[in-house]
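Breakdown of the fold
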Amino acid sequence: MSNSTVSKPRAAEAAQTQPLSAMAVLASLVGWLVPGAGHLILRRYVRGLILMASIVTMFVLGLLMQGHVYKPNGGDILDILGFVGNIGAGGLYFLTLAKDWGQGAIAHATADYGTKYLIVAGLLNFIAVADAYHIAIGKKP
Amino acid sequence: MILELSHFSAAFFFALFASVVFGITQRNAAMDQVKYGLYCFAMFLGGVFVAGWVMWMLRH
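Quick caveat, the model's predicted, so the values are computed rather than measured.

1. Here's the deal with the interface of chain A and chain B
In this assembly, 23 residues from chain A lie in contact with 21 residues from chain B. Around 2,000 Å² of area is buried between chain A and chain B when both sides are counted, 74% of it from carbon and sulfur atoms. Applying the counting rule to chain A against chain B returns zero salt bridges. Where chain A meets chain B, there are seven residue pairs in polar contact (both at pLDDT 80 or more).

2. Regarding helix H4 (residues 45-64) of chain A
Given a rise of 1.5 Å per residue, 20 residues ought to cover 28 Å, and the 28 Å separating the end C-alpha atoms of H4 of chain A matches this to within 8%. Along H4 of chain A, the residues that are buried comprise Arg47, Gly48, Leu51, Ser54, Ile55, Met58, Phe59, Leu61, Gly62 and Leu63 of chain A. Contacts from the buried residues of H4 of chain A go to helix H3 (37-41), helix H6 (91-99) and helix H7 (109-136) of chain A together with helix H1 (7-26) and helix H2 (30-59) of chain B.

3. Details of the nonpolar core
A general feature of soluble globular proteins is that nonpolar side chains tend to end up buried together. The biggest cluster of nonpolar side chains holds 27 residues, and the ones touching the most others in it are Met58, Phe59, Tyr117 and Leu124 of chain A. When residues no more than four places from it in sequence are discounted, the contact partners of Leu124 of chain A are Ile55 and Met58 of chain A together with Phe17, Ala18, Val21 and Phe22 of chain B. Within the second largest apolar cluster, seven residues are counted, among which are Ala24, Ala27, Leu42 and Ile135 of chain A.

4. What about the pattern of salt bridges?
Residues and elements named next belong to chain A. Within the structure shown, the criterion is met by two salt bridges over all chains. As a salt-bridge pair, Lys116 and Asp112 come within 3.1 Å of each other at their nearest N and O atoms. Of this pair, Lys116 and Asp112 both sit in helix H7, four residues apart, which is roughly one turn of the helix. Assessed through its relative accessible area of 39%, Asp112 is described here as partly exposed.

Procedures and definitions
Residues numbered from 1 in each chain as written. Chains lettered and ligands numbered in written order. Predicted model: local features only at pLDDT ≥ 70, side-chain atom pairs only at ≥ 80, totals over all residues. Heavy atoms only, no water. Contact = heavy atoms within 4.5 Å. Buried area = accessible area lost by both parts, 1.4 Å probe. Salt bridge = Lys/Arg side-chain N within 4 Å of Asp/Glu carboxyl O. Polar contact = N/O pair within 3.5 Å; in protein donor to acceptor, adjacent residues only side chain to side chain. Helix = DSSP H or I, 4+ residues; strand = E, 2+ residues; numbered from the N terminus. Expected span 1.5 Å × (residues − 1). Buried < 20%, exposed > 50% of the residue type's maximum accessible area, 1.4 Å probe, protein only. Core = buried A, V, L, I, M, F, W, Y, C linked by side-chain atoms within 4.5 Å.

Okay, here's the thing in structure tokens:
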């Protein structure tokens, strides 16, 4: 009996959820490359612009604080995790590597904050990408 | 250009941006998003104050 009461909402949710579509993949990819853009192409303009402003501003503040940008590496586990966080920022990360920003030695206390800003901006973008994906498949309005 | 924020300013802006993203992505309705964002922001900054006082007590 308890199974039937639990399965009804799940069945309703599954009925509302669309199968994986090209738009879901596109929104995720675009959202990763340009923070907030996944929401924009799904016509969630306000959400997309606010996400874009928050994540891009956080990343730029991290760079201005002379934070360190991790490159692909196979060394220390914290360096690897730093790279995973950084690459979440997508296009911002590639632009930063192309311009050779974020490679200075950490010379003052706020530079360490900058490093954390850069990593967390990427991680927040991963969350934003997941959100865009859920919107695209109809799991979230 | 080098930006040198104070410890509190850095924590404040960190809390602000993280809370905005949490609010938008973790709730569906607009009002719920605002409420959850404010809740996260309060928790972040509250955590800063608690950690600050704990460190002060450990030091003294």
